[in-house]
Amino acid sequence: MAGEPFWRISRQDLDKLMTTLDVTFVRLSQCVLATGAHLAVACADATTIHYCLRGVGFILLEGETPIRLTPHTLVIVPPGRAMTIVATERPTALRKVGKGGDCLFVPGSTYRHTIGDGEPTLVLACGMFRATYGPALDLFASLATPIVETFDVHDQLDQVIACAIAELAAQDVGVGPMSAALLKLVLLALLRRCLVSTKAWVERFAILSDPPIARAFAEMASRPSFPHTVQSLSQAVGLSRSAFMARFSTAFGEAPMSLLRRLRMRLAADLLSANALSIDQVALNVGYQSRSSFTRSFRRYYGSDPSEYRSKAQSARSSRAAPTEDAIEQSDAA
């Protein structure tokens, strides 16, 4: 029946997935458009986010129905999609937007971007970000069409996004973690909607559209050190081995053990960079009982031994932290 919720991920499995969500990169701009103004937005190599703070307008994407913007409308657009944002109450003909060029606006490139003459009638936050489940899987990697969801005043996402923009503009200490944490709140609110929303994006969101497979991935992402196997995972979610393999590959584009290895290696790289655990402890934390087997797997994945990787990560961190000669001279002069 139209509008009836489809078979969806359980609250418990979604909660487990949400605990592994991490925002690794975020840039945001406040875009202000006068009546009739057109804002040409460039293609981005990251997922883009657009949240209407005030007014009415449309997002125009080639091959898509115009997306109507009203206050509290949230739009997530896949990477590589140019678009036009129009401040009007009626959809207009789609203007062709190129793939690059100085005339196109890059979301997050400036704190505030104003276009058109007269009083602003459309104000929205535009930006780009990357979010992952666990240390490896891009949350929106499989997204082919935009996600559109409208929230309410009491959700207070407009305030959260305004705080994130202000953080990025101020560039104070901890701006990266703070702005990422604020955007994570927005994404968590969106993921909650998948439990009740009847919008088409829920069914097209690969990781949410097959609950048993989402449950298996949640187990892998939340407990990468466990001795998972295809057999144990398929049994845990009530599928035959062959059905599990086929459905997992459809959802994620790779075999379960391949994705598990990627999760483990990315987590290992993070732990090595943090330099808080010994290599033996890192190996245990990512599911390896033997340091030698861990080293072999890590070398195949990253092309260097864990100890070498840690040394390079520490050297890179020291280089970023060290002040330049110009900065030292300016400090001495002051």
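All residue numbers refer to position in the chain's written sequence, counted from 1. It should be noted that, the model being predicted, local features are given only for residues of pLDDT at least 70 and side-chain atom pairs only at 80 or more, the latter also being counted only at that level, while totals for whole chains, interfaces and linings use all residues. Only hydrogens and water are set aside; all other atoms, that is, all heavy atoms of the structure, feed into the side-chain values.

J.: Any chance you could explain the overall build of the chain here in plain terms?
T.: Each helix is a run of DSSP H or I of at least 4 residues and each strand a run of E of at least 2, with the numbering of both proceeding from the N terminus. Helices and strands together make up the secondary structure of the chain, namely 13 helices and eleven strands. For this analysis, residues touch if any pair of their heavy atoms sits within 4.5 Å. Long-range contacts, defined here as pairs at least 24 residues apart, represent 74% of the contacts in the chain between residues at least 6 apart. If you sum the accessible surface of the chain, you get close to 16,600 Å²; carbon and sulfur atoms cover 52% of it. Each accessible area is a Shrake-Rupley estimate made with a 1.4 Å probe; only the visible protein chains count as cover when residues are assessed.

J.: It is not clear to me how the sheet that holds strand E2 (residues 38-41) should be interpreted in this structure. Could you clarify?
T.: The strands making up a sheet associate through hydrogen bonds between their backbones, and the pairing can be parallel or antiparallel. Two strands pair under a simple rule: DSSP has to find at least two bridges between them. Strand order in the open sheet made by the four strands is E2-E7-E4-E5, with antiparallel pairing throughout. Of all the strands in the sheet, just E2 and strand E5 (67-69) have a single pairing partner and so form its edges. Between one strand and the next, the sheet's axes are offset by a mean angle of 20°, whatever the strand orientation. Only the stretch in contact is used when fitting a helix axis, every axis being a line fitted to C-alpha atoms; angles between N-to-C directions are given from 0 to 180 degrees.

J.: Help me understand the packing of helix H9 (residues 256-274) against helix H11 (residues 291-302), please; the structure alone is not making it clear to me.
T.: Helix packing for two helices is described by the angle between their axes and how far apart those axes are. It is at 10 Å that the axes of H9 and H11 come closest, and there the two elements cross at 95°. The pairing of H9 with H11 is recorded here as roughly perpendicular in orientation. Residues Arg-262, Met-265, Arg-266, Ala-268, Ala-269 and Leu-272 of H9 lie in contact with H11, whose contacting residues are Phe-294, Ser-297, Phe-298, Tyr-301 and Tyr-302. A per-class count over the contact of H9 with H11 returns eight nonpolar, one polar and two charged. Our angle categories are set so that under 35 degrees counts as roughly parallel, over 145 as roughly antiparallel, 65 to 115 as roughly perpendicular, and the remainder as oblique. Under the scheme applied, nonpolar residues are Ala, Val, Leu, Ile, Met, Phe, Trp, Tyr, Cys and Pro; charged residues are Asp, Glu, Lys and Arg; polar residues are all the others, including Gly.

J.: Help me understand helix H8 (residues 241-252), please; the structure alone is not making it clear to me.
T.: Because each turn of an α-helix spans 3.6 residues, side chains separated by three or four positions in sequence point in the same direction. In a helix, the anticipated span is given by 1.5 Å times the number of residues less one. Taking 1.5 Å as the rise per residue, H8 with twelve residues should run 16 Å; its terminal C-alpha atoms sit 16 Å apart, in good agreement. Within two residues after H8, Gly-253 carries a phi angle of roughly 75°, on the positive side.

J.: Would you take a moment to explain the environment of Pro-211 for this structure?
T.: Summarising the element assignment, Pro-211 is placed in helix H6 (residues 211-222). Exposure categories follow from relative accessible area, calculated using a 1.4 Å probe and restricted to protein chains: below 20% of the type maximum is buried, above 50% is exposed, and the middle band is partly exposed. The buried category is assigned to Pro-211, whose relative accessible area is 3%. In this structure the C-alpha to C-alpha distance between Pro-211 and Leu-14, which are 197 residues apart in sequence, comes to 9.3 Å.

J.: What is the right way to read the environment of Ser-290 from this model?
T.: By the element assignment, Ser-290 lies in the loop between helix H10 (279-285) and H11. Looking at Ser-290, the relative accessible area reads 28%, which means it is partly exposed. Here the alpha-carbon distance between Ser-290 and Asp-280, two residues ten residues apart in the chain, equals 7.9 Å.

J.: Would you mind going over the nonpolar core with me for this structure?
T.: Put simply, a nonpolar core is a bunch of buried Ala, Val, Leu, Ile, Met, Phe, Trp, Tyr and Cys residues held in one set by side-chain atoms that sit within 4.5 Å of each other. Ile-76, Phe-129, Phe-217 and Phe-244 are the most contacted members of the largest nonpolar core, which totals 58 residues. At nine residues, the largest contribution of residues to this core is made by helix H3 (residues 175-193). Membership of the second largest hydrophobic core comes to 19 residues, among which are Val-41, Leu-61, Leu-69 and Val-77.

J.: Sorry if this is basic, but what is going on with the pairing of strand E7 (residues 83-86) here?
T.: Regular strands have side chains that alternate between both faces of the sheet. Neither face of E7 is exposed, since Met-83 and Ile-85 on one face and Thr-84 and Val-86 on the opposite face are all buried. Pairing analysis gives four bridges linking E2 to E7, with the strands arranged antiparallel. Paired with His-38 across the two strands is Val-86, which belongs to E7. Bridge count for strand E4 (residues 57-60) against E7 is three bridges, and the pairing is antiparallel. Residue pairing across strands places Phe-58 opposite Val-86, the latter belonging to E7.

J.: What am I meant to see in the environment of Pro-107 here?
T.: With respect to the secondary-structure elements, Pro-107 resides in the loop between E7 and strand E8 (112-115). Between the alpha carbons of Pro-107 and Arg-27 there is a distance of 7.2 Å; along the sequence they are 80 residues apart. Filtering out sequence-adjacent residues up to four positions away, Pro-107 remains in contact with Ser-29, Val-41, Thr-48, Cys-126, Gly-127 and Met-128.

J.: In this structure, what is going on with the pairing of strand E3 (residues 47-55)? I would like to understand it.
T.: Counting buried positions along E3 gives seven out of nine residues, so the element sits mostly inside the fold. Sheet topology places E3 next to strand E9 (residues 120-133); eight bridges connect them, and they run antiparallel. Within E9, the residue paired with Arg-54 across the bridge is Val-123. Relative to strand E6 (residues 73-77), E3 runs antiparallel, the two sharing four bridges. Directly across from His-50, in E6, lies its bridge partner Val-75.

J.: Sorry, what's going on with the confidence of the model for the chain here?
T.: Atomic detail in the predicted coordinates should be set aside for any region of low pLDDT. pLDDT measures how confident the predictor is about each residue, on a scale from 0 to 100. Confidence in the prediction of the chain, expressed as mean pLDDT, is 83, and 85% of residues score 70 or more. Of the regions scoring below 50 in pLDDT, residues 323-334 engages in one contact with residues more than four places distant in sequence or in other chains.

J.: What exactly am I supposed to notice about the side chain of Ser-234 here?
T.: Within the element layout of this structure, Ser-234 appears in helix H7 (residues 230-236). Aside from chain neighbours lying at most four places away, what touches Ser-234 is Leu-239, Ser-240, Arg-241 and Phe-244.

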